[in-house]
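Read off the chains here:
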Amino acid sequence: MMLMRTLLTFFFFFALTACSGSGPEPRQKISNPDVLSRGARLVNGLAACGTCHGKISSPDSPLTGGRASNDIYGEVNAPNITPAKTGLASWSTNEVMRAVRNSVGKGGTELSQSMHSGYLWMSDDDLLAIVGYLRTVQPVENEVERRSVGFFSRNTSGIFQSRKKVAGYVPSINPNERISYGRY
């Protein structure tokens, strides 16, 4: 019975991981001026990306990374999110969206979940506008030191904290629906 349960668990895990990817995603080019303008307003305003990803804590700070913050594992440096080689140059649109929404980096690495907790249900339209705008900012090469969280810390810190993930399309909310839009 134990052998059967182990085999079924292995088969389920194998089937789940084998079907989860379909190769690299194309880097989506967003060129609509209205979308890019909305992205600029979000990045430099409400989303305040420069507050963490800038050299100084200001929403409109250049997004070259390096600012230190703390999460359950200790100190973490915000990465460079300019379209430079040391930033998002090799990231697909969907990879950036997963990083913002689900705190999952390239190759499935876990990112600090607490840093983007408020962006979990950001609409796809707003996220696409942000990604489109990020691709237009001046690329700045700035290698930011990545931290390494050890096996023990990763498996004991936050043990009762679940990782929230949003899969699928997140629709926009009509701005004329004031209560829903304000809550959003």
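Residues numbered from 1 in each chain as written. Predicted model: local features only at pLDDT ≥ 70, side-chain atom pairs only at ≥ 80, totals over all residues. Heavy atoms only, no water.

A volume near 300 Å³ is recorded for the second largest pocket. Around the second largest pocket, the lining residues are Arg38, Leu42, Leu46, Ala47, Gly118, Tyr119, Trp121, Met122, Asp126, Tyr181, Gly182 and Tyr184. Contributions of two or more residues to the lining of the second largest pocket are made by helix H2 (33–46) and helix H7 (178–183). (1 Å grid on protein atoms, 1.4 Å probe; cavity = no way out; pocket = protein on both sides within 12 Å on 5 of 7 lines; lining within 4 Å. Points joined across faces, edges and corners; volume = space filled by probe spheres on them. Helix = DSSP H or I, 4+ residues; strand = E, 2+ residues; numbered from the N terminus.)

Let us look at the packing of H2 against helix H5 (residues 124–134). At a minimum axis distance of 7 Å, the contact between H2 and H5 shows a crossing angle of 90°. By the angle class used here, H2 and H5 are roughly perpendicular. Within the contact between the two elements, H2 uses Val35, Leu36, Arg38, Gly39, Ala40, Leu42, Val43 and Asn44 and H5 uses Asp126, Ala129, Ile130, Gly132, Tyr133 and Leu134. Along the lines of polarity and charge, the residues of the contact of H2 with H5 split into nine nonpolar, three polar and two charged. (Axes fitted to C-alpha atoms, helices over the stretch in contact; angles between N-to-C directions. Parallel < 35°, antiparallel > 145°, perpendicular 65-115°, else oblique. Contact = heavy atoms within 4.5 Å. Nonpolar A, V, L, I, M, F, W, Y, C, P; charged D, E, K, R; others polar.)

Glancing now at the environment of glycine 66. Secondary-structure assignment places glycine 66 in the loop between helix H3 (50–53) and strand E1 (68–71). Through-space distance from the C-alpha of glycine 66 to that of lysine 55 is 6.4 Å; in sequence the pair is eleven residues apart. Aside from chain neighbours lying at most four places away, what touches glycine 66 is Asn77, Ala78 and Val144.

Our focus in this paragraph is H5. Owing to its 3.6 residues per turn, the α-helix brings residues three or four apart onto one side. With nine of its eleven residues buried, H5 lies for the most part within the structure. Burial in H5 covers these residues: Asp124, Asp126, Leu127, Ala129, Ile130, Val131, Gly132, Tyr133 and Leu134. Tucked inside the fold, the buried residues of H5 contact H2 and helix H4 (93–102). (Buried < 20%, exposed > 50% of the residue type's maximum accessible area, 1.4 Å probe, protein only.)

On average, residues of the protein chain carry a pLDDT of 80, and 76% of them reach 70 or more. Per-element averaging of pLDDT across the protein chain places helix H1 (residues 2–18) at the bottom with 41 and H5 at the top with 96. (pLDDT = per-residue confidence, 0-100.)

As paired strands, E1 and strand E2 (residues 74–77) are joined by four bridges and run antiparallel to one another. Bridge pairing in E2 places aspartate 71 opposite glycine 74. Between E1 and E2, which pair antiparallel and follow one another directly, the connecting turn spans two residues. (Pairing = 2+ DSSP bridges.)

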